[in-house]
Amino acid sequence: MYVWPCAVVLAQYLWFHRGSLPGKAVLEIGAGVSLPGIMAAKCGAEVILSDSSELPHCLEICRQSCQMNDLPQVHVVGLTWGHVSRDLLALPPQDIILASDVFFEPEDFEDILTTVYFLMQKNPKVQLWSTYQVRSADWSLEALLYKWDMKCVHIPLESFGADKEDIAESALPGRHTVEMLVISFAKDSL
């Protein structure tokens, strides 16, 4: 398990918006070591961490991250993208969904958006805050966002102090092109 550059950038975005987080319901999907979710919890959000129910080791890493950060109130659930499960059905409405570097394999994109769409049905005002590393100019979410009636706004990294190589005093290996998106329902009336 590793803290990827996208997680550091998303944690920086959360820190920048820390004043709006207390009391917000926040779900991190594909959490891994859970840096963004841990940051949200430290800033006062009511956080649920999730990773694939098919990867119990990843769920244990989430639990260990909570334990090491003295966050016993943070729940950890197994959610497999694109699958309807008891844990997914039991989730309360969320205000923010965090996703750091989950748009990694194009074959997973629609499963991720299917899960997010289900959560948007519970709270149409929920936003997906996502960072991803540009790996191929051929990969795009545009058609899938249109299909699932979602829109996205690109957030410039310099707008929240994440346009440096040493974000949050971390030495990010190599040069990475990280992008920040906020995805929501396309309907403006919601």
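Residues numbered from 1 in each chain as written. Predicted model: local features only at pLDDT ≥ 70, side-chain atom pairs only at ≥ 80, totals over all residues. Heavy atoms only, no water.

Remarks on the environment of Val-116
Let me state the cut-off plainly: Put simply, DSSP H or I for four residues or longer makes a helix, DSSP E for two residues or longer makes a strand, and each gets a number counted from the N terminus. For the exposure calls, accessible area comes from a 1.4 Å probe over protein chains only, and a residue counts as buried if that area is under 20% of its type's maximum, exposed if over 50%, partly exposed in between. Every residue pair with non-hydrogen atoms within 4.5 Å of one another is taken to be in contact.
With respect to the helices and strands, the residue Val-116 is situated in helix H5 (residues 106-122). Residue Val-116 is classed as buried on the basis of its relative accessible area, which comes to 1%. Taking the C-alpha atoms as reference points, Val-116 and Gln-127, 11 residues apart in sequence, are found 9.2 Å from one another. Residues contacting Val-116, with those up to four places away along its chain left out, are Ile-29, Ile-97, Leu-128 and Met-150.

Remarks on the pattern of salt bridges
Note the following rule: For this analysis, a salt bridge means a side-chain nitrogen from Lys or Arg found within 4 Å of a carboxyl oxygen belonging to Asp or Glu.
Inspection of the entire model under this criterion finds two salt bridges. For Arg-63, the salt bridge goes to Glu-60, with nearest N and O atoms at 3.8 Å. Residue Arg-63 and its partner Glu-60 are located together in helix H3 (residues 56-68), separated by three residues, close to a single helical turn. Using a relative accessible area of 39% as the deciding quantity, one classes Arg-63 as partly exposed. Taking the relative accessible area as the measure of exposure, Glu-60 reaches 35% and is therefore partly exposed. A salt bridge links Glu-110 to Lys-147, with the nearest nitrogen and oxygen atoms 2.5 Å apart. Taken together, the residues Glu-110 in helix H5 and Lys-147 in helix H6 (residues 142-147) connect sequence positions 37 residues apart. A relative accessible area of 27% means that Glu-110 is categorised as partly exposed. Given a relative accessible area of 52%, Lys-147 falls into the exposed group.

What to know about the confidence of the model for the protein chain
Worth spelling out the cut-off: Note: pLDDT gives the predictor's confidence per residue, expressed from 0 to 100.
Per-residue confidence for the protein chain gives a mean pLDDT of 89; residues scoring 70 or more make up 89%. Per-residue pLDDT, averaged within each element of the protein chain, yields its smallest value for H6 (90) and its largest for strand S1 (residues 25-29) (98).

A short note on H3
For clarity, the cut-off: Expected helix span is taken as 1.5 Å per residue step, with the number of steps being one fewer than the number of residues.
The end-to-end C-alpha distance of H3, which contains 13 residues, comes to 18 Å, matching closely the 18 Å that a straight helix rising 1.5 Å per residue would cover. The inward-facing, buried residues of H3 contact helix H2 (35-42), strand S2 (46-51) and strand S3 (75-78). Count one or two residues on from H3 and you reach Asp-70, which has phi positive near 55°.

What to know about the nonpolar core
Quick reminder of the rule: To define a nonpolar core, start from buried Ala, Val, Leu, Ile, Met, Phe, Trp, Tyr and Cys residues and group those joined through side-chain atoms within 4.5 Å.
In terms of nonpolar packing, the biggest core is built from 31 residues, with Tyr-13, Val-47, Leu-49, Leu-98, Trp-129, Phe-160 and Met-180 touching the most fellow members. Elements represented by at least two residues in this core include exactly helix H1 (5-16), H2, S2, H3, strand S4 (96-100) and strand S7 (178-185). With sequence-adjacent residues up to four places away left out, Trp-129 is seen in contact with Leu-10, Tyr-13, Leu-14, His-17, Leu-21, Ile-96, Ile-97, Leu-98, Ala-99, Met-180, Leu-181 and Val-182. With 28 residues, the next largest nonpolar core counts Ile-29, Met-120, Trp-148 and Ile-183 among its residues.

Overview of the packing of aromatic side chains
This is how the line gets drawn: Any Phe, Tyr or Trp ring, taking Trp's six-membered ring, that has another such ring centre within 6.5 Å forms a pair; planes under 30 degrees apart are called stacked, those over 60 apart edge-to-face, and the others tilted.
Applying the stated criterion to the full structure yields five aromatic pairs. For the ring pair Tyr-13 and Trp-129, a centre distance of 5.0 Å and an interplane angle of 85° mean the geometry is edge-to-face. Residue Tyr-13 is found in helix H1, and its partner Trp-129 is found in strand S5 (residues 127-133); the two are separated by 116 residues along the sequence. Among the residues examined, Tyr-13 registers a relative accessible area of 8% and is labelled buried. Ring geometry for Tyr-117 versus Phe-185: centroids 5.6 Å apart, planes at 85°, classification edge-to-face.

Focus on the environment of Leu-181
The topology assignment puts Leu-181 in strand S7. Each C-alpha atom of the pair Leu-181 and Tyr-132 lies 8.3 Å from the other, and the pair is 49 residues apart in sequence. Beyond its immediate stretch of four places on either side in the chain, Leu-181 contacts Leu-128, Trp-129, Ser-130, Tyr-132, Leu-141, Cys-152, Val-153 and His-154.

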